[in-house]
Each structure stands twice: as structure tokens, then as C-alpha cells.
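Below are the chains, spelled out letter by letter.
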Amino acid sequence: MTWSSFQTGPFSSSGVLGAVVYGPRSRNPHLDRGFPELTVHAVADSADAFTEVWHTDRPIERGTLDGVVHAHDGETLFCAARIDSSDDCAEAVRAAYLTALGLTRTLDHQRIFRMWNFVENINGTNSEGLEVYRDFCRGRARAFHEFGFTDERLPAATGVGALGGGIGFCLLAGRSAHSVTIENSRQVPAYRYPRRYGPSSPSFARATHVAAGSGASIYVSGTASVVGHETLHRGQIAEQCDETLANLEHLLSADNLARHGLRPGRRLEDLRNIKVYVRNRQDLPAVREICAKAFSQAADIAFLNVDLCRSDLLVEIEGIVFPGVELPASHRVEVDTGVNT
Ligand SMILES: C=C(O[C@@H]1C=C(C(=O)O)C=C[C@H]1O)C(=O)O
């Protein structure tokens, strides 16, 4: 079983499958502390830095291939890579993704269920005048396509800005655990966004449901104020927060999960290890207040002031439902193995 925690101070390296440091500068991925570590330039001030640590209770094997650091425990694989800043990133993204995808095959952990991408200058333009995020999407889509991924197999993901350091990305993949990709019936699947959002649609699912022991984890992608495929509430932070929460609530609802043969429904209060990405620093207090009301007090919530994949998006939220989150009696429906037989 794999789980994560947010750490703001030193932590033991024992049982660590991988770590992502949200720090004041970026660093090439490395194994210096005995586990794969990706350092993303995501905070301006080192006082705001934190690390998301992925833990396992099983023995771990670690390595590096072409700059991609990795570790697996025979059940879950963590990989991380960084691409240097450049005017045109599509080809470098394609190549780095192909290396990482190749590793999932070589190491026989091919069920990629979660990815994170941190893109410097995400709303800037490349040498052809194409937005950097759209250029990134082009390279990523090519890699998935060349690797034979169908849209329905795409992982849950986050694609947000970074303050520097090119593009950092990491993934989690399972060896044998049953996983199901989840879409949100309030939203058009991102891989079917119309062409006006870029030459290649973003390659991700809204969430993935991964069987784990006697329960299941739900990995929820970065979610924003997008309904259908349109951004709603331009320039209005409170409204974008509320729409984002409505999207998350619906994604996890019994009704939406049942469309994928999954049960029971979950609630916002079940989300843990929440990350909230906020474009404008001055919006942070309002967003913090809304999130404190919406989520459980038992959830760690990290706030990052970074740009987002569309210049009209002001806020984006992701989280994880881990197995064993205590559900109220009305939601406790038998044991949910996540396997829909
Ligand atoms: C917010 C959206 O997309 C963002 C971009 C993603 C990506 O490109 O991997 C994944 C989720 C979000 O971080 C959206 O399209 O609704």
C-alpha cells in the first residue's frame, strides 16, 4: 500500500518511495537521500516550502535511467524527471515522457494512475507564438499516442505553472492493482476539448480509482472552474472556488462514480492531501477561508501561488481519497474493493 504525507521539516528516509519538494528553486531529480526526489520551484519564500512524501510498507528498489529517477516496491512505481527550460518544449516533453513510459514497461508497472506536471512560463508563448502549455500538451499527447495509450487509459494528472526550472514531472504507476479512470459528467473529458484550446488536447483523466487492499484510493486530478469545456466566472475568485468545489463534489458523488461501475460515493470531506493552486497571491486569504469550510479538518491542505493552464483560471484543487477514510453511516455500503465485477 502506498500513501503520502506533507512534511515541512526533516523526515526519515525509511520506507520512502519518492518525494516531491515544493521549494524556492528547482533541482535535477536525484537519489541523494536514498529515494527519488523531484524539487520543483513552486514557492517564492523558503518558509512556504514543503515536501509530499510517498510511503510504502514494502521493500524498495531504486534506480536512474537517462535522468529519470525511479523506485518501486513491486506494487507501485514512482518516477520523476526534469526538462530544461527552452523556447519550444514539445519535442523534449515527448522524449522525456517516452523514457518514463518505457520505464513503466521495463519495470512492469504499466498502470499509470497519477501524474503531476510543473511547467515554467506555462502561459507564455513559444517561438511559434503557441502557448507553452499547449506546446507541452503536444509533446505529451505524441508520447502517449506513440506508446499506444488510448484516451480511456490516460492517468489522472495535474498540469500547473512553476516559478522556474523548466518542466518537472512525476508519475505513480501500479503493477497489478485494478484501476479505473473516472470522468466528470459536468465536464467534457479533457482529451476531447475542442481545438480552440490547442492543437493537441490535454492527455489526462479527471480521476483514477485504484484498488488497495480491502479498499480503494481515488486520485483526483487538478480541478478548476471548467464546466463542459468552458471556463466559468472569469475574474471572480469566490465563484471559481465554488464551481471547482461543485466539480469535485460531483466527481466523487455516487451518481458520477456509478457511471464507472464504482461505489460508494464519496464527499469533499473525504479528500486528503489537498493542493490548492492559486494564480494571484492576493486571492490566497479568500481561497483559504473557502477551503477551510469545504474540507475536513483532518485534511492537510497546501496552497501554492502559481500560474494555471488557462490564463482565465484563478484557482485549481486536487486531492486524494485514501482507503479507510471514515465514512458516515449513510455512505458505508459494504466493503468497496474497487473491482467492478
Ligand atoms: C484545470 C484543468 O487542467 C489542468 C491541466 C492538467 C494537465 O494538463 O495535465 C491536468 C489537470 C489540471 O491541472 C482543466 O482542463 O480543467
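Residues numbered from 1 in each chain as written. Predicted model: local features only at pLDDT ≥ 70, side-chain atom pairs only at ≥ 80, totals over all residues. Heavy atoms only, no water.

As annotated in an unreviewed UniProt entry, the chain carries the name FkbO/Hyg5 family chorismatase and comes from Lentzea rhizosphaerae.

Student: In this structure, what is going on with the pattern of salt bridges? I would like to understand it.
Tutor: Side chains that differ in charge, positive against negative, can pair when their charged atoms come close. Applying the stated criterion across every chain, the model contains 19 salt bridges. Salt-bridge contacts for Arg94 lead to Glu146; the nearest nitrogen and oxygen are separated by 2.7 Å. Remark: Glu146 occurs in helix H2 (residues 132-146) and Arg94 occurs in helix H1 (residues 90-106); sequence separation between them is 52 residues. Taking relative accessible area as the criterion, Glu146 reaches 44% and is therefore assigned partly exposed. When the shortest N-O distance is used, the salt bridge between Glu289 and Lys293 registers 3.7 Å. Of this pair, Glu289 and Lys293 both sit in helix H5 (residues 284-294), separated by 4 residues, roughly a single helical turn. By sharing partners, the salt bridges in this structure join Glu52, Arg114, Lys275 and Glu318 into a single network. (Salt bridge = Lys/Arg side-chain N within 4 Å of Asp/Glu carboxyl O. Helix = DSSP H or I, 4+ residues; strand = E, 2+ residues; numbered from the N terminus. Buried < 20%, exposed > 50% of the residue type's maximum accessible area, 1.4 Å probe, protein only.)

Student: What's the story with the site of the ligand in this structure? I'm lost.
Tutor: Surrounding the ligand, one finds 14 residues, the nearest of these being Tyr133, Arg140, Gly159, Tyr193 and Glu316. The contact in question runs from an oxygen atom of the ligand to an N or O atom on the backbone of Gly159, over 2.9 Å. One nitrogen or oxygen atom from the side chain of Glu316 is found 2.3 Å from an oxygen atom belonging to the ligand. Against a free-state accessible area of 390 Å², the protein chains account for coverage of 100% of the ligand. Within the residue set of the shell around the ligand, elements represented by two or more residues are H2, strand S10 (156-162) and strand S14 (215-224). Taken together, the residues that form the shell around the ligand break down as 7 nonpolar, 4 polar and 3 charged. (Near = heavy atom within 4 Å. Polar contact = N/O pair within 3.5 Å; in protein donor to acceptor, adjacent residues only side chain to side chain. Areas by Shrake-Rupley, 256 points an atom, 1.4 Å probe, with all protein chains shown as cover. Nonpolar A, V, L, I, M, F, W, Y, C, P; charged D, E, K, R; others polar.)

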